[in-house]
Amino acid sequence: LAAVAAVCLAEEDFSFGAVKAAKAGYASIDQTRKKGQFMSKKSVTVNKVKFQNPTYTMMNVGGTPTPAFRTQIGKKVFFYPLAGTHSGMWLIYKASKGGGKKLTVEAQKFRVWYRRTCSIDSFTSVVKCGYCFKIFSLSGVLDYGTTASVTINSIKYDMKGYYKRYDVHSRRSMEAGGGRGGEGGRGGRGGEGGGSAVMEGVVTKVTTGGESYPLFLALKGKYNDQIIVAARGKIRTIPAIKLDIYRRKYCTRGLYGSYRCRYCFILKSQSKTTFLPGPNILIGSEDGQKIYLNSPQYMPTDIKIENKVSKREAVRLIFSQGKNLAFCFYVLDGEEAGSVYMNVARRGWVKTQLGKTLVIYTRKVCDRKGDKKSCYVKLRTYKKAKAPGKTSSVTIGKTKLGKPVVALVKTPGWKESKVRSAVFTGSTYSGDQFNLMYAMDGGYAGTWYYVITRLQKTKEFTPAASKALYNYKYCKASWDGNVKCYWCFLVVDKNEKATSLPKGKTVTISGASFMLPKNVKRQGGSYVRMLYSKGKVNKTLFVKLDGDTAAAGSWFVANKQGRLAPFMVNYDAYYQKSCITVNKKTECRRCFIIQQKPSLAFKPLLPAVSITKNSIALSITDTKLHPVLSGSKTGGKAHKFKGCKSGKCAEFYYMATGPMSGKWFAGSSKTGIYMSSSLFPTTFWKHYECADGLAGVSCRYCFQF
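Here the residue numbers are simple positions, counted from 1 along each chain's written sequence. In view of the model being predicted, local features appear only for residues whose pLDDT reaches at least 70, and side-chain atom pairs are presented and counted only at 80 or more, with totals across whole chains, interfaces and linings using the full set of residues. Side-chain numbers here rest on the full set of heavy atoms in the structure, without hydrogens or water.

Caption draft 1: Seen up close, the sheet that holds strand β26 (residues 340-344). Pairing in this open sheet of 6 strands is antiparallel, and the strands run β20-β21-β24-β25-β26-β27 from one edge to the other. In this open sheet, the two strands that pair with only one neighbour each are β20 (281-286) and β27 (348-351). Shown here is a sheet whose adjacent strand axes are inclined to one another by a mean of 30 degrees, direction ignored. Relative to strand β25 (residues 324-331), strand β24 (residues 314-321) runs antiparallel, the two sharing 8 bridges. Bridge pairing in β25 links F319 to A326. The criterion for strand pairing is that DSSP finds at least two bridges linking the strands in question. For the purposes of this entry, the term helix denotes a DSSP run of H or I that reaches at least four residues, the term strand denotes a run of E that reaches at least two, and both are numbered from the N terminus. With axes taken as lines fitted to C-alpha atoms, and helix axes fitted only over the stretch in contact, angles between N-to-C directions fall between 0 and 180 degrees.

Here it is as structure tokens:
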């Protein structure tokens, strides 16, 4: 907060406790005012910006009467809605092309908090009410700004304007208001100059050899991430331009449900090698070229084994030798566990000797217990010679694990009646011996538990909750043809450090780690799931890369019900499409660059769990106003708080309307008995904060003493 000032607007000159370190002005009402309007002719200055004639008024926003703060800055008159979904926006009337004026958004680096207060003359009982406003100047920039020009290999690139629908032949936007540079579009006809080729992308000024050319960067379709030129009815790429283009989309909410979208870019010289995520396991060499196995990816696959095709649990790897690439599959289940198969042209599926060179441990992770849809698989891949060795015993805190056996365990009380688990028979905890289980599959994967057979109950075992198990299965055939399978387990911290992950699967910036990106479908939309870790915070995040609302480019986290909710992360994800060709088939993936956000002025107000005053912890859970002192002339509506001290809790109400505005009451909605309370200061400011979610705008009240 760079600066703060306050002004109070009253019907007459009267005074009450002013805010410390804040300028306050009290002035009589302007007699020309409209009904319900409070105005001061004084001004306050915040961070060198002068706010003149501050007024509390009612205005029409999209047909809805809305309370607002009105003020004059220079020659412009601004409105700041105090309620409704447009709360917190700075609005101004501007001349429209069709004549008259229309309401538009014009960002300012200020946030306005307010409170309503009343005084009662103890002799005449006359009530006088008014509004106070506190204006905060916010540090940071209002917007990301445009992508800076960049010179790569003596060619200069300037990103000029984003268009949702642009005809590259006629060089015109195909929709009015389509957004030139994200700020409004150029209307026009398409199809001139040799047929219509309408694309989404960015007009890019390219300068080389002293000459400049208006070219086009396509963001979707056949020419995705390529700079193209249209001439004589044909579209062609330019071989001299070789770039890796990373992008991110973001949208800001305007009036009446509209959004303004823009792209940010990171341009780099095109890589000369194919990037394959690690671990890169060297398994040998042939004809002077090294052979690697890399890019492990959990991928159940139909594999033909002994003339029978069936879906197998498998990890796909890329077999690379120089520029030659091939897919191979490490089988996780059945008697073939630990074997590696390849689908070879003209020969079909064949078992290779690659299974003798590596070991893959897996573990299933579920974000929400009992919900299979929230589960995914994590991998640890080792060269066989460097795989973890055996140990005689394992202790987790006060728990000593017994001998492991894999079995299908009955789990009474859980949603799943049977769960495949690692059963550690004869485990001990504080001197007690019991069978401790670790769920390997299903919606409870990753849970330590034990079963009380007598009571038919399944209970979680929390003393081991900080650890997790990877498992590795392999099978051997004996001389008589019988196959015997074995299980190995690897104990790790449940919240694994980014340093334990291979190159290409994790990135750390400013102490924050983003790990294991994967495309997923959630709530009818496409997202990229990433694991996020910073300090003691460990979350599974979802970033939405596309869309035409504020969800684009934003981070989300699943709540207890599994629905995605916005989550504040101070980082942006830029992505690029990277493709490889294997056996004449092209496969693409996204590669990411994570950057720290610029210091934006407007950030969501992060909620406090509670605030303590006079040793009482106050908390609030809803935006509803509750009636207090109903039926009396002093009644009104109030914000309801829960106050707790020394294990006891009570209800407290801060009056927001009526002649008791600004006063605190203690009482109960059940009994209807309320008493005035002096436990908390009456100088209590509020702000109505709105944020963009997936299904619309959600709002809440924020408070500060």
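Next comes the rest of the account.
Caption draft 2: Region of the structure containing the environment of C328. With respect to the helices, strands and loops of the structure, C328 is situated in strand β25. Residue exposure (1.4 Å probe, protein chains only): buried if accessible area is under 20% of the type maximum, exposed if over 50%, otherwise partly exposed. What makes C328 buried here is its relative accessible area of 0%. A C-alpha to C-alpha distance of 17 Å links C328 and E306, two positions 22 residues apart in sequence. In what follows, a contact means two residues having at least one pair of non-hydrogen atoms within 4.5 Å. With residues near it in sequence (within four places) discarded, C328 still touches L293, V315, R316, L317, F319, V340, Y341, M342 and L354.

Caption draft 3: Local environment of the sheet that holds strand β43 (residues 555-558). Spatially, β39-β40-β41-β42-β43-β44 is the arrangement adopted by the 6 strands of the open sheet, whose pairing is antiparallel. The two strands at the open ends of the sheet, each matched to only one other strand, are β39 (506-509) and β44 (564-566). Geometrically, the sheet is characterised by an average inter-axis angle of 40 degrees between neighbouring strands, direction not taken into account.

Caption draft 4: Summary view of unusual backbone geometry. The phi angle at L516 is positive, at roughly 50 degrees, despite the residue not being glycine. Here L516 lies in strand β40 (residues 512-522). For L516, a relative accessible area of 23% corresponds to the partly exposed category. For S615, which is not a glycine, the phi torsion comes out positive at approximately 65 degrees. Mapped onto the elements of the fold, S615 is located in the loop between β47 (611-613) and β48 (616-619). Look at S615 and you get exposed, because its relative accessible area is 54%.

Caption draft 5: The environment of G257, seen in detail. Tracing the sequence through the fold places G257 in the loop between β18 (243-253) and β19 (259-269). Sequence spacing of G257 and T621 is 364 residues, and the spatial spacing of their C-alpha atoms is 26 Å.

Caption draft 6: Just the pairing of β19, in detail. Pairing between β18 and β19: 11 bridges, direction antiparallel. Within β19, the position partnered with D244 by the bridge is K268. The antiparallel pairing of β18 with β19 creates a hairpin that spans 5 residues between the two strands, and Y256 there sits at a positive phi of about 60 degrees.

Caption draft 7: Spatial organisation of the side chain of K473. Tracing the backbone shows K473 in strand β37 (residues 467-477). Within the buried core, K473 has no salt-bridge partner, and the shortest N-O distance to an opposite charge, that of D333, equals 7.2 Å. Under this rule, positive means Lys or Arg and negative means Asp or Glu; His and the chain ends count for nothing. The working definition used for a salt bridge is a side-chain nitrogen of Lys or Arg within 4 Å of a carboxyl oxygen of Asp or Glu.

Caption draft 8: Representation of the packing of aromatic side chains in the model. Aromatic pairing here means that ring centres of Phe, Tyr or Trp (its six-membered ring) are within 6.5 Å. Orientation follows from the plane angle: under 30 degrees is stacked, over 60 is edge-to-face, and everything else is tilted. According to the stated counting rule, one finds 47 aromatic pairs in the structure shown. An angle of 80 degrees between the planes, with centres 6.3 Å apart, marks the rings of Y527 and F556 as edge-to-face. Of this pair, Y527 sits in strand β41 (residues 525-534) while F556 is found in strand β43, placing the two residues 29 residues apart along the sequence. Here Y527 falls in the buried class, since its relative accessible area comes to 4%.

Caption draft 9: Spotlight on the state of the cysteines. Note on disulfides: each one is a pair of cysteine sulfur atoms within 2.5 Å. Per the counting criterion, the structure on display carries 7 disulfides. Residue C475 pairs covalently with C485 via a disulfide, S to S 2.0 Å. Of note, the bridge from C475 to C485 carries an S-S torsion of about 100 degrees and is right-handed in sense. Of this pair, C475 sits in strand β37 while C485 sits in strand β38 (residues 483-493), and the two are 10 residues apart along the sequence. Between the sulfur atoms of C579 and its disulfide mate C588 the distance is 1.9 Å. For the disulfide bridge between C579 and C588, the dihedral angle about the S-S bond is near 100 degrees, and by the sign convention the bridge is right-handed. Cysteine C264 is unpaired, with the sulfur of C251 as its nearest cysteine sulfur at 11 Å. The thiol sulfur of C702 is not disulfide-bonded, and the nearest other cysteine sulfur, from C690, lies at 9.6 Å. Taking relative accessible area as the criterion, C702 reaches 11% and is therefore assigned buried.

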